[in-house]
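These are the residues of each chain, in order.
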Amino acid sequence: MANKKAYVLIQTETGKADAVVKTLRGKPGILSADVVTGPHDVILIIQGVDTDAIAKIVVNQVQAVQGVHRTITYMALSGD
């Protein structure tokens with residue numbers, strides 16, 4: 001059962017936020033993907049069994065998406 005959660009803030013290439021969200025939604029470990037306003041374009045909530053699983057999701061699934069320019073990951077310290 002997955003017990004670690006993280007928030008991933010994504011800066012995308014100009015005009016790519018919607019495409020990035022569509023690509024990421026529904027992938028294993030990605031609980032939600034939303035286009036947002038502010039200095040970042042997309043925010044994800046991801047979940048994995050441990051920090052290594054979270055890192056693999058970010059590197060292998062998120063950063064590999066065309067249009068993703070930069071990510072910042074915040075690990076949740078508590079919660080479900």
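Cut-offs applied
- Residues numbered from 1 in each chain as written.
- Predicted model: local features only at pLDDT ≥ 70, side-chain atom pairs only at ≥ 80, totals over all residues.
- Heavy atoms only, no water.
- Buried < 20%, exposed > 50% of the residue type's maximum accessible area, 1.4 Å probe, protein only.
- Helix = DSSP H or I, 4+ residues; strand = E, 2+ residues; numbered from the N terminus.
- Pairing = 2+ DSSP bridges.
- Expected span 1.5 Å × (residues − 1).
- Arc of directions from axis to C-beta.
- Contact = heavy atoms within 4.5 Å.

A. Structural view of the pairing of strand 3 (residues 42-48). Here strand 3 shows a buried face lined by Val 42, Leu 44, Ile 46 and Gly 48 and an unburied face lined by Ile 43, Ile 45 and Gln 47. Relative to strand 3, strand 2 (residues 30-35) runs antiparallel, the two sharing 5 bridges. Opposite Ser 32, over in strand 3, you have Ile 45 as the bridge partner. Counting the residues that bridge the hairpin from strand 2 to strand 3 gives 6 residues, and of these Gly 38 lies at a positive phi of roughly 115°.

B. Molecular detail of helix 2 (residues 51-62). End to end, helix 2 covers 15 Å across 12 residues, agreeing with the expected 16 Å (1.5 Å per residue, within 8%). For helix 2, every residue scored as buried is listed here: Ala 53, Ile 54, Ile 57, Val 58, Gln 61 and Val 62. Considered in projection along helix 2, the buried side chains sweep an arc of 140° and stay on one side of the axis. When the buried face of helix 2 is taken as reference, the exposed residues oriented beyond 90 degrees from it are Asp 52, Lys 56 and Asn 60. Buried residues along helix 2 sit in contact with strand 1 (4-12), helix 1 (17-24), strand 2, strand 3 and strand 4 (68-75).

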